[in-house]
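The residues making up each chain are set out below.
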Amino acid sequence: FASCSRVLNGAIRVNPWHTLELAEALGRCLTMSEAERDARRQRDMEFVINNTASAWAERFVLDLQAVAEEKPRDAQWETIGFGLAGFHRAGWRSDFTALDTTEVLTAYRRARRRALFLDWGGTLVPIEDGFTSHLVEYFRERLSPAVHACLHELASDPRNLLMVLSGQESGRMDAAFSSLGHASLAAEHGFCYRLGSLPGVRRPHASEWRQLLPDNDLSWKETVATVMEAYKVRTNGAQTEVKGSSLVWKFDEVDPEFGLMQAKEMCVHLNTVLANCPVAIITGKGYVEVRPKGVNKGAMVDHVVSQLYSQVGGVDFILCIGDDSADEFMFQALHARFADRPAGTVPALFTCVVGRKPSSAQYYVNGADEVLELCQSLRLHSTRANRNLSTSDLKGLGRGRVPIRGEGPLNSSMDGSTMRAVFAATRGTSTPFALPAGHGARLASIAASPPPGQRAELGTVDGAAEPIKFTVRQ
């Protein structure tokens, strides 16, 4: 209740609302020996003499000057929030701009080997802020049909490697992404992973779960659990989560100011008791996590990119999107890997953070809904759009409708808007369609008016009266 109680260690700290504890403390003070009184007073007196109000003000001004001197010249600053509690300033590089979807789509379409690294919570699935955010936990919910359809199409593209990364355990990721057989998964910030299909290497099912760094010493977990439990008891609303390789102390349901204060104090305590242990203490949005050193999403992404270069000859396009401080390791690892490469050997690299905030990423998007829109656009440009219609697809032809296989935007009749989407996805390629009598004229009429700058060519097979394929050219 008194802020000075945190620094005056000689004083007897007491909760004034705890009557019994207060009475015992008063009794102890009245019966305290003279030597103990002198020792306690001397300890606090030394601190008070060396840390006067003028000395504090001088240090505060020096800190302000240091911040002003270290501020990058090309940084942009913006005020966020209002009032004394919520007001602060945020700064970022002048070249930190919104993601240009057109540029991404152009690079994606040209690439032969692509890698997509996507965070789960907060990126593919929005996480609400506020007290009620814990009532619906994203990892307990099924993926929305739109997100699932996009991930399925992108993972099934023979030119793509799609990896979803998360801090959740492998069992939870299996439950959410088990139907995406070609997708790669990384759990617990990269502690364990399993690879799906690589560009040019199709696998019917993902490999078994394996550890990024085998033979980790996890004997420190018992000590960490004891410390976290102690702070959980004294912090109303805090929770402790035990994972396979790490422990997490969550304070997202605690008063923000008090929770952050307790988290910082706990980190100091953990750094002391774990000084000789091979661990990393990470602070994120509403949590403190202790995990093995060298395990993070950046190390995981760098490992996968190395696999791509060793097994399939490299990669031409990389898209990496995340929203949390844990995702900054991915951005930093990718930029560091390709920083010193010659211009002709560097893939088209796009690192993007969700939300406009200081980040190591090149670009930002405003929310998870924009991430989904981007994935849907990539899906339309994916080579999975170039495929034959199956017998089940052709059942609708007799009713005058020509369906296109897939979900979402392409799950409709081949009207003008759908044809334009197919034109964009199949630019420069030939896509065959088996058509019964009477539908060739309809397809020809639609193809006669392609989007501006494109032209459609209809071809036939010897002896066939109906056109069976179209080709879109620039």
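Refer to the structure above for everything that follows.
Conventions and cut-offs
- Residues numbered from 1 in each chain as written.
- Predicted model: local features only at pLDDT ≥ 70, side-chain atom pairs only at ≥ 80, totals over all residues.
- Heavy atoms only, no water.
- Helix = DSSP H or I, 4+ residues; strand = E, 2+ residues; numbered from the N terminus.
- Buried < 20%, exposed > 50% of the residue type's maximum accessible area, 1.4 Å probe, protein only.
- Areas by Shrake-Rupley, 256 points an atom, 1.4 Å probe, with all protein chains shown as cover.
- Axes fitted to C-alpha atoms, helices over the stretch in contact; angles between N-to-C directions.
- Parallel < 35°, antiparallel > 145°, perpendicular 65-115°, else oblique.
- Left-handed = near helix turned anticlockwise from the far one by under 90°.
- Contact = heavy atoms within 4.5 Å.
- Nonpolar A, V, L, I, M, F, W, Y, C, P; charged D, E, K, R; others polar.
- Polar contact = N/O pair within 3.5 Å; in protein donor to acceptor, adjacent residues only side chain to side chain.
- Pairing = 2+ DSSP bridges.
- Right-handed = clockwise from strand over helix to strand, strands pointing away.
- Patch = residues over 30% accessible without salt bridge, like charges linked within 9 Å, V, L, I, M, F, W, Y side chains within 5 Å.
- Salt bridge = Lys/Arg side-chain N within 4 Å of Asp/Glu carboxyl O.
- Core = buried A, V, L, I, M, F, W, Y, C linked by side-chain atoms within 4.5 Å.
- Phe/Tyr/Trp six-rings, centres within 6.5 Å; stacked < 30°, edge-to-face > 60°.
- Lys NZ or Arg CZ within 6 Å of the ring centre and 35° of its normal.

S.K.: Explain the overall build of the protein to me, please; I cannot follow it from the model alone.
M.R.: Across its full length, the protein holds 14 helices and 18 strands. By residue count, 42% of the 474 residues in the protein fall in the buried class. With an accessible surface of roughly 25,200 Å², the protein has 54% of that area assigned to carbon and sulfur atoms.

S.K.: Would you mind showing me how to read the packing of helix α8 (residues 221–234) against helix α9 (residues 256–273) here?
M.R.: In a pair of packed helices, the angle between the axes and the distance between the axes together describe the arrangement. Following both chains from N to C, one finds α8 and α9 inclined at 155°, their axes separated by 11 Å at the closest point. For the element pair α8 / α9, the angle class is roughly antiparallel. Of the two possible hands of crossing, α8 and α9 adopt the one that is right-handed. On α9, the residues touching T223, V224, V227, M228, Y231 and R234 of α8 are F258, Q262, E265, M266, H269, L270 and V273. Its residues placed into classes, the contact of α8 with α9 shows eight nonpolar, three polar and two charged.

S.K.: In this structure, what is going on with the side chain of N296? I would like to understand it.
M.R.: With respect to the secondary-structure elements, N296 resides in the loop between β12 (287–292) and α10 (297–311). A polar side-chain atom of N296 sits 2.9 Å from the main-chain amide nitrogen of G298. Those residues in contact with N296 that sit more than four places away from it in its chain are H189, R291 and F329.

S.K.: Please explain the pairing of strand β14 (residues 348–354) as it appears in this structure.
M.R.: For β14, a buried count of six out of seven residues is recorded, marking the element as mostly surrounded by other parts of the structure. Two elements, strand β13 (residues 317–322) and β14, share six bridges in a ladder whose sense is parallel. Bridging across to β14, C320 finds its partner in T351. Traced from β13 through helix α11 (residues 328–338) to β14, the parallel crossover comes out right-handed. Bridging between β14 and strand β15 (residues 363–365) involves three bridges; their strand directions are parallel. Within β15, the residue paired with C352 across the bridge is Y363.

S.K.: Explanation requested: the sheet that holds β12 in the structure shown.
M.R.: Strand-to-strand pairing in sheets goes through backbone hydrogen bonds, with the strands running parallel or antiparallel. Strand order in this open sheet of four strands is β9-β10-β12-β11, and the pairing throughout is antiparallel. Taken across any chain shown, the strands that pair with only one partner, and hence form the sheet edges, are β9 (239–242) and β11 (279–284). The mean angle between the axes of side-by-side strands here comes to 15°, regardless of whether they run parallel or antiparallel. Direction of pairing for strand β10 (residues 247–250) relative to β12: antiparallel, over a ladder of four bridges. Bridging from a neighbouring strand, V248 pairs with E289 of β12. Where α8 meets the sheet, it contacts β9, β10 and β12, and its direction lies at approximately 10° from that of β10.

S.K.: What's the story with a nonpolar patch on the surface in this structure? I'm lost.
M.R.: A cluster of nonpolar residues, W56, F60, V61 and L64, forms a patch on the protein surface that exposes about 430 Å² of accessible area. For W56, the position within the fold is in helix α3 (residues 53–70).

S.K.: Hey, could you run me through the nonpolar core in this one?
M.R.: Buried together is how nonpolar side chains tend to be arranged in soluble globular proteins. Counting 41 residues, the largest nonpolar core has L151, F177 and L378 as the members making the most contacts within it. When residues of this core are assigned to their parent elements, the largest contribution, five residues, is made by helix α6 (residues 145–156). Formed by 28 residues, the second largest nonpolar core is a distinct cluster that contains A115, L161, L349 and A361.

S.K.: What's the story with the packing of aromatic side chains in this structure? I'm lost.
M.R.: The way to describe two aromatic rings as a pair is by their centre distance and the angle between their planes. For the structure shown, the criterion picks out six aromatic pairs. When the ring of F317 is compared with that of F350, the centres are 5.8 Å apart and the planes differ by 45°; the resulting orientation is tilted. Taken as a pair, F317 in strand β13 and F350 in strand β14 lie far apart in primary sequence, 33 residues in all. A relative accessible area of 4% means that F350 is categorised as buried. Among the aromatic side chains, those forming a connected cluster through ring pairs are Y108, F317, F350 and Y363. The ring of Y108 carries the charged tip of R114 above its face, separated from the ring centre by 3.8 Å.

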